[in-house]
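# What the coordinates show
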Amino acid sequence: MYVCSCFGVTEEQVRAHAAAGACTPRQIAATSGAGTDCGSCVRRIQGLLGRPCPRRTPQATPASSAPAAPSPDPRPAPLTATR
């Protein structure tokens, strides 16, 4: 059955994109175009995805660590005239 009649995208295609890692309607749109014209299929795509996307876990920084010192400039020092 067609999900997006504007681009001829079927439920099977949306499920295939989801199995390949697409988690959001925006990711489905990037690969198939579905949802980018009239937008009436976006809710149906959300329903077909029906699962939460794994979120990235932010890297925790220890509260007690001091900020890292800046690395030294790798460029040579400027020449200065001496008299």
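Before any of the text, the structure's been laid out above.
### Brief notes about the overall build of the protein
Of the regular secondary structure elements, the protein holds 3 helices and 2 strands. Taking all 83 residues of the protein together, 20% fall into the buried category. Considering only residue pairs separated by 6 or more positions, the protein has 53% of its internal contacts joining residues 24 or more positions apart. Carbon and sulfur atoms make up 55% of the accessible area of the protein, which totals about 7100 Å².

### Quick word on the packing of helix H1 (residues 11–19) against helix H3 (residues 42–49)
Remark: H1 packs on H3, axes separated minimally by 10 Å, with the N-to-C direction vectors making an angle of 55°. In terms of orientation, H1 and H3 fall into the oblique class. Crossing angle aside, the handedness with which H1 passes H3 is right-handed. Residues Glu-11, Val-14, Arg-15 and Ala-18 of H1 lie in contact with H3, whose contacting residues are Arg-44, Ile-45, Leu-48 and Leu-49. Residues of the contact of H1 with H3, tallied by class, amount to 5 nonpolar, no polar and 3 charged.

### Quick word on the pattern of salt bridges
The final tally for this structure, using the stated rule, is 2 salt bridges. A salt bridge links Glu-11 to Arg-15; its shortest N-O distance comes to 3.5 Å. Separated by 4 residues within a single helix, Glu-11 and Arg-15 lie in helix H1, roughly one turn from each other. On the accessibility criterion, Arg-15 (44% relative accessible area) is partly exposed. The residue Glu-11 makes a salt bridge to Arg-44 at a minimum N-O spacing of 2.5 Å. Placement of the pair is Glu-11 in helix H1 and Arg-44 in helix H3, with a sequence separation of 33 residues. The partly exposed category is assigned to Arg-44, whose relative accessible area is 39%. Via salt bridges that share partners, Glu-11, Arg-15 and Arg-44 belong to a single interconnected network.

### Some thoughts on the environment of Phe-7
By the secondary structure assignment, Phe-7 is in the loop between strand S1 (2–4) and strand S2 (9–10). Sequence-wise, Phe-7 and Ser-32 are 25 residues apart; in three dimensions their C-alpha atoms are separated by 7.8 Å. The contact partners of Phe-7, leaving out residues within four places of it in the chain, are Ser-32, Gly-33, Ala-34, Thr-36 and Asp-37.

The rules behind the values
Residues numbered from 1 in each chain as written. Predicted model: local features only at pLDDT ≥ 70, side-chain atom pairs only at ≥ 80, totals over all residues. Heavy atoms only, no water. Helix = DSSP H or I, 4+ residues; strand = E, 2+ residues; numbered from the N terminus. Buried < 20%, exposed > 50% of the residue type's maximum accessible area, 1.4 Å probe, protein only. Contact = heavy atoms within 4.5 Å. Areas by Shrake-Rupley, 256 points an atom, 1.4 Å probe, with all protein chains shown as cover. Axes fitted to C-alpha atoms, helices over the stretch in contact; angles between N-to-C directions. Parallel < 35°, antiparallel > 145°, perpendicular 65-115°, else oblique. Left-handed = near helix turned anticlockwise from the far one by under 90°. Nonpolar A, V, L, I, M, F, W, Y, C, P; charged D, E, K, R; others polar. Salt bridge = Lys/Arg side-chain N within 4 Å of Asp/Glu carboxyl O.

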